[in-house]
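Chains, contacts and geometry: an overview
The residues making up each chain are set out below.
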Amino acid sequence: MTKYGTTEEQLANVAVKNHENALYNPNAHFHKKITVDDVMNSVVVASPLKLFDACPFSDGAASAVLCSEEFLRKMNGHASEAIKIVASGRAGGTGALHQRPDLTTLNAAVLAGREAFKQANLGPKDIDFLEVHDCFTIAELVALEDLGFYPRGQAAKATEEGETKRNGETPVNPSGGLKAKGHPVGATGVGQVVEVYDQLNDRAGQRQVNNARVALTHNVGATGGSCAVHIFEKR
Amino acid sequence: MTSQETEDGESGNLTIKEFQEAIREGKIEGYKCRNCGHKQIDIIDFCPVCHKSNLEKIEFAREGKVLTYTIQQVAPEQFMNEVPYAWTIVELDDGPKVTGWIPFISKSSDLPIGQRVRFKKSYLPGIVFEKI
């Protein structure tokens, strides 16, 4: 905020958007529409983050079945909804915040994203929507910049202008994200994959992203000590 | 204080317990890498910059400046009676950065970025700083 002039209201926009998306996700933890004022008036936990900037702890489970192309061929047309993992990038970073040269980025996410885009031979412009690890509102903005979707300091303004809404240029967290779909820690990463599966198969109901063919997931652990980025395509 | 020799492949000998005991005695201890000179306060087995294990245990400066902080209003159990306070990253005068906290900070005007602070020996948990 000191470096880029990001405002608390801009952070609040992330929470409002993700709650809006979760209204149409039957598996979401919260089905509650909120406003920027609701976020701004919620109790301060650790300034500038307030209660509504934070994701909840949730109960939940998610599963995905991994299989080979060969197995799918043997299925003779069954499992036709299977999606393809086109890239899998993972990287580590320092867990201690005070060891980081820059507090406005997670180096693990930058490296994992770069690796994934390289494997897939794709770039941010090729991604139709993404699910990112929005454990706090600011984390969604940092993720979008770490992955190269926006230049440094510009994800806040883009979010404010609606670019990351379901019908925006770069839909982010159509599931509701960790913020509103919920954060059942161990199930969160696979939960993102389940959302991608539904979206790429055009079965996400009212929260469907139009023409979703390529999607990205970004999952963080250990305060940024580890990050995994996957890219998926419709087969 | 005598520095402890370490060699490649061996741990640097400073345990979390020793680190905490040093804090209780009013000292901030950590490592200096004999290979590249990198200084770090965390418990490490090798230098995160050059990846060598040739570490020397040293004591760091007790004064530094505030790089960033949050004002904690909801705190974990150990700090429940201390809210509000600043949870901060301090850059010590001899280079390394450390996470600590400053009691009695309730608004951002109480603590400008760059504020000079001093490590304070305390019975309270963590690394306590006070404004100079």
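Residues numbered from 1 in each chain as written. Chains lettered and ligands numbered in written order. Predicted model: local features only at pLDDT ≥ 70, side-chain atom pairs only at ≥ 80, totals over all residues. Heavy atoms only, no water.

Quick notes on the sheet that holds strand β6 (residues 226-234) of chain A
Residues and elements named next belong to chain A. Put simply, the test is: Any two strands with at least two DSSP bridges between them are considered paired. The numbering of helices and of strands both runs from the N terminus, where a helix is a DSSP run of H or I of at least 4 residues and a strand a run of E of at least 2. Angular values range over 0 to 180 degrees, each being the angle between N-to-C directions of two axes fitted as lines to C-alpha atoms, with helices fitted over their stretch in contact. Contact definition: two residues touch when any of their heavy atoms are within 4.5 Å.
The four strands lie next to each other as β3-β6-β5-β4, forming an open sheet whose pairing is mixed. On the outer flanks of this sheet lie β3 (83-92) and β4 (129-131), each paired with one strand and no other. On average, adjacent strands in this sheet sit at an angle of 15 degrees to one another, irrespective of strand direction. Bridge count for strand β5 (residues 214-221) against β6 is eight bridges, and the pairing is antiparallel. Paired with Leu216 across the strands is Ile231, a residue of β6. This element, helix α8 (residues 185-200), spans β3, β4, β5 and β6 of the sheet and lies at about 170 degrees to β5.

Topic: the packing of aromatic side chains
Worth spelling out the cut-off: Between the rings of Phe, Tyr and Trp (Trp by its six-membered ring), a pair exists once the centres lie within 6.5 Å; its type follows the angle of the planes, with under 30 degrees stacked, over 60 edge-to-face, and the other angles tilted. The buried label goes to any residue with under 20% of its type's maximum accessible area, the exposed label to any with over 50%, and the partly exposed label to all in between, with areas taken from a 1.4 Å probe on protein chains only. The rule for a charge over a ring is simple: NZ of Lys or CZ of Arg within 6 Å of the ring centre, and within 35 degrees of the ring normal.
In the structure shown here, the tally under the stated rule is six aromatic pairs over all chains. On the basis of an interplanar angle of 65 degrees and a centroid distance of 6.3 Å, the ring pair of Phe119(B) and Phe129(B) is categorised as edge-to-face. With Phe119(B) in strand β7 (residues 116-120) and Phe129(B) in strand β8 (residues 128-131), this residue pair connects regions lying ten residues apart in the sequence. As far as burial versus exposure is concerned, Phe119(B) and Phe129(B) are alike and both buried. Every member of this aromatic cluster is reached through a ring pair, and the members are Phe79(B), Tyr85(B), Trp87(B) and Trp101(B). The aromatic ring of Phe52(A) is capped on one face by Lys179(A), whose charged end is 5.6 Å from the ring centroid.

Thoughts on the confidence of the model for chain B
Applicable threshold: pLDDT expresses, on a scale from 0 to 100, how confident the predictor is about each individual residue.
Across chain B, pLDDT averages 88, with 90% of residues at or above 70. Every residue in residues 1-11 of chain B is under pLDDT 50, and counting partners more than four places away or in other chains gives 30 contacts.

Here's the deal with the pairing of strand β5 (residues 85-92) of chain B
Residues and elements named next belong to chain B. Of all eight residues making up β5, six are buried, and the element is well covered by its neighbours. Taken together, the eight bridges between strand β4 (residues 63-72) and β5 define a ladder with antiparallel strand orientation. When the bridges of β5 are listed, Tyr69 appears paired with Thr88. Here six bridges tie β5 to strand β6 (residues 97-102), and the two strands are oriented antiparallel to one another. Note on β6: the bridge partner recorded for Val90 is Val98. Taken together, β5 and the strand that follows it, β6, pair antiparallel across an intervening segment of four residues, in which Gly95 is found at a positive phi of about 120 degrees.

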